[in-house]
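# Observations on the model geometry
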Amino acid sequence: MVDSSQSLLDGPESGPYHAAFAGNHLLSLEALYAPIAADMRAVDAVIRERLHSDVVLIRQVAEYIIGAGGKRLRPALVLFSAGALGYRGSDHRELAAVVEFIHTATLLHDDVVDESDLRRGNQTANALFGNAASVLVGDFLYSRAFQMMVSVGSMRIQQVLADATNTIAEGEVLQLLNCHNADVDVPQYLRVIRYKTAKLFEAAMRLGAILSGAPADIEEGLARYGMHLGTAFQLVDDVLDYSGEEEATGKHLGDDLAEGKPTLPLIHAMKHGSAEHAACVRHAIEAGGRDALPGVLAAIRASGALDETRRHAEAEARLALEAIAPLPPSTFRDSLVQLASFAVARDF
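These numbers come from a predicted model, not from an experiment.

Reading the values: rules and limits
As a convention, each chain's residues are numbered from 1 in the sequence order in which they are written. In keeping with the model being predicted, local features are shown solely for residues with a pLDDT of at least 70 and side-chain atom pairs are shown and tallied solely at 80 or more, while totals for entire chains, interfaces and linings include all residues. Each side-chain value is worked out from all heavy atoms of the structure, with water and hydrogens disregarded. Each reported salt bridge corresponds to a side-chain nitrogen of Lys or Arg within 4 Å of a carboxyl oxygen of Asp or Glu. Secondary structure follows DSSP: runs of H or I at least 4 residues long count as helices, runs of E at least 2 residues long count as strands, and numbering of each begins at the N terminus. Exposure classes here rest on a 1.4 Å probe applied to the protein chains alone. A residue is buried below 20% of its type maximum, exposed above 50%, and partly exposed in between. Side-chain rings of Phe, Tyr and Trp (the six-membered ring for Trp) are treated as a pair once their centres are within 6.5 Å; stacked means planes under 30 degrees apart, edge-to-face means over 60, and tilted covers the remaining angles. Note on contacts: a residue pair qualifies if any of its non-hydrogen atoms lie within 4.5 Å across the two residues. Lines fitted to C-alpha atoms define the axes, with helix axes restricted to the stretch in contact, and inter-axis angles between N-to-C directions lie between 0 and 180 degrees. Any angle between 65 and 115 degrees counts as roughly perpendicular, while under 35 counts as roughly parallel, over 145 as roughly antiparallel, and the rest as oblique. The hand of a helix crossing depends on one turn: near helix anticlockwise from the far one by less than a right angle means left-handed, and clockwise means right-handed. Only buried residues count toward a nonpolar core. Its members are Ala, Val, Leu, Ile, Met, Phe, Trp, Tyr and Cys residues joined through side-chain atoms within 4.5 Å. The span expected for a helix works out to 1.5 Å for each residue beyond the first.

Attention now goes to the pattern of salt bridges. Opposite charge on two side chains allows them to pair when their charged atoms are near. Going through the model one piece at a time under the given rule, you end up with 17 salt bridges. Two residues, Asp110 and Lys196, come together in a salt bridge whose shortest N-O distance is 3.3 Å. Placement of Asp110 in helix 6 (residues 91-114) and of Lys196 in helix 10 (residues 186-212) is noted, with a sequence separation of 86 residues between them. Take Asp110: its relative accessible area is 7%, and that puts it in the buried class. Asp237 serves as the salt-bridge partner of Arg346, at 2.9 Å between the closest nitrogen and oxygen. With a gap of 109 residues between them, Arg346 in the segment after helix 18 (331-345) and Asp237 in helix 11 (residues 216-240) connect regions that are remote in the sequence. Judged by its relative accessible area of 1%, Arg346 falls in the buried class. Take Asp237: its relative accessible area is 32%, and that puts it in the partly exposed class. Where salt bridges share partners, they join Arg156, Lys199, Glu202, Arg206, Glu219 and Glu220 into one cluster.

If you want it as structure tokens, here you go:
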């Protein structure tokens, strides 16, 4: 496996898919998802069916958060992985819904922990229904996801998803420990990303390989693709927290700063900025809040932190592409290639 810190700093500058980052037209997600459009509709139907509960509040909260939209990246990865390997069954739809339920449960819990009031341009569930309802409905989604994965009848799949869910929880705790700690370095920060975000991307890709009965080397390659793609997505999210338009990103500018999260742009600004700028960023992380946002933005701009973070994201995306190079040509593989380009070039 490529060393995490090295992959950020010394990612390959060329390779069989280098053109994917050379200014190609960025496709919309709708266009990227064209090969799996029918399966995505089927997954949405599964989600609606499995959300049913006799408890009205559970239905209200779950349908609100699911209905709020989102990129549906993780379930799409299950479908792309299975399609790229020629899977012909229907369990990939059930597992895509499982992955989306796990992701949604983490969002519900995240927003409570972070005291967030805006996600995807809408009120968060905790802002609308309260913290207690959000936490408990998140628990419902986790338990429903495990009911669904059992129905597939594969102990290996259950192990992958159970391990992923446990790792995500560890990542959440690591992030909590890192909050307001201005001494977090790149490897420590990457560990949080690998656990909290990239692990479910990795699991989603691995599920398609397991369903398809792929050889171990192909399965590991798909898993690496997911891990590097998830890391790239999170790094770009870090960029957008200091550069995105609220209308596009669906969150407040500087949310991470308000929570005292030392993300890569801040780590870079402290390491490569002036002493004055480094002190400003350090104080902002330790104190939290948005009062120091103008000074932090100035430090980020002066140090080139956002461009550097995007370059790091591109290095991760190139590693993702190299991992799927052995896949046979198909529209599914083409979409995975384009998705890596989308991950680093997007502005939402």
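From this point on, the discussion continues.
Turning our eyes to something else, we now look at the packing of aromatic side chains. The tally for this structure, following the rule as stated, stands at five aromatic pairs. Measuring from centroid to centroid gives 5.8 Å for Tyr64 and Phe129, while their planes differ by 75 degrees, and the two rings are edge-to-face. Of the two residues, Tyr64 is situated in helix 4 (residues 56-67) and Phe129 in helix 7 (residues 125-129); the sequence distance between them amounts to 65 residues. Relative accessible area serves as the criterion here: at 28%, Phe129 is assigned to the partly exposed category. Between Phe233 and Phe342, the aromatic rings sit 6.2 Å apart at their centres with planes inclined by 45 degrees, giving tilted as the arrangement. Of this pair, Phe233 sits in helix 11 while Phe342 is found in helix 18, placing the two residues 109 residues apart along the sequence. Each member of the pair Phe233 and Phe342 is classed as buried. An aromatic cluster of at least three residues, connected via ring pairs, comprises Phe201, Phe233, Phe342 and Phe348.

Now for the side chain of Thr309. For Thr309, the position within the fold is in helix 17 (residues 305-323). With near-sequence residues (within four places) excluded, Thr309 lies in contact with Leu235, Val239, Leu264 and Pro265.

The backbone of Arg72 shows a phi angle near 55 degrees, a positive value even though the residue is not glycine. Inspection of the secondary structure puts Arg72 in the loop between helix 4 and helix 5 (73-84). Residue Arg72 is classed as buried on the basis of its relative accessible area, which comes to 16%. Residue His180 is not a glycine yet carries a positive backbone phi of 70 degrees. Within the element layout of this structure, His180 appears in the loop between helix 9 (155-178) and helix 10.

Turning our eyes to something else, we now look at the packing of helix 5 against helix 6. Where helix 5 contacts helix 6, the two axes come as close as 7 Å, and the packing angle between them is 155 degrees. In terms of axis orientation, helix 5 runs roughly antiparallel to helix 6. Judged by the twist between their axes, the crossing of helix 5 over helix 6 is right-handed. Across the interface between the two elements, Arg74, Pro75, Val78, Leu79 and Ala82 from helix 5 touch His92, Arg93, Leu95, Ala96, Val99, Glu100 and His103 from helix 6.

We now examine the packing of helix 14 (residues 264-272) against helix 15 (residues 275-287). Running from amino to carboxyl end, helix 14 crosses helix 15 at an angle of 145 degrees, the nearest separation of the two axes being 8 Å. Seen along the crossing, helix 14 lies across helix 15 with a hand that is left-handed. Between helix 14 and helix 15, the residues in contact are Leu266, Ala269 and Met270 and Ala278, Val281, Arg282 and Ile285, respectively.

By size, the foremost hydrophobic cluster in this structure holds 86 residues, and its most contacted members are Tyr33, Leu77, Leu95, Leu161, Tyr225, Leu229 and Leu339. Looking at this core element by element, the count peaks at twelve residues for helix 10. Those residues in contact with Leu229 that lie beyond four places of it in its chain are Leu77, Phe201, Ala320, Leu339, Ala340 and Ala343. Ranked by size, the runner-up nonpolar core spans 17 residues in total, among them Val239, Ala269, Val296 and Leu297.

Moving on to helix 8 (residues 131-152). Look at helix 8: 32 Å from first C-alpha to last across 22 residues, which is about the 32 Å you get at 1.5 Å a residue. Taken as a whole, helix 8 has its buried residues at Ala133, Ser134, Val137, Gly138, Phe140, Leu141, Tyr142, Arg144, Ala145, Met148, Met149 and Val152. Looking at the buried residues of helix 8, the elements they touch are helix 3 (37-50), helix 4, helix 6, helix 7 and helix 9. Phi for Gly153, located one or two positions after helix 8, is positive at around 80 degrees.

Note that every value here comes from positions in space, so none of it alone points to a role or purpose.
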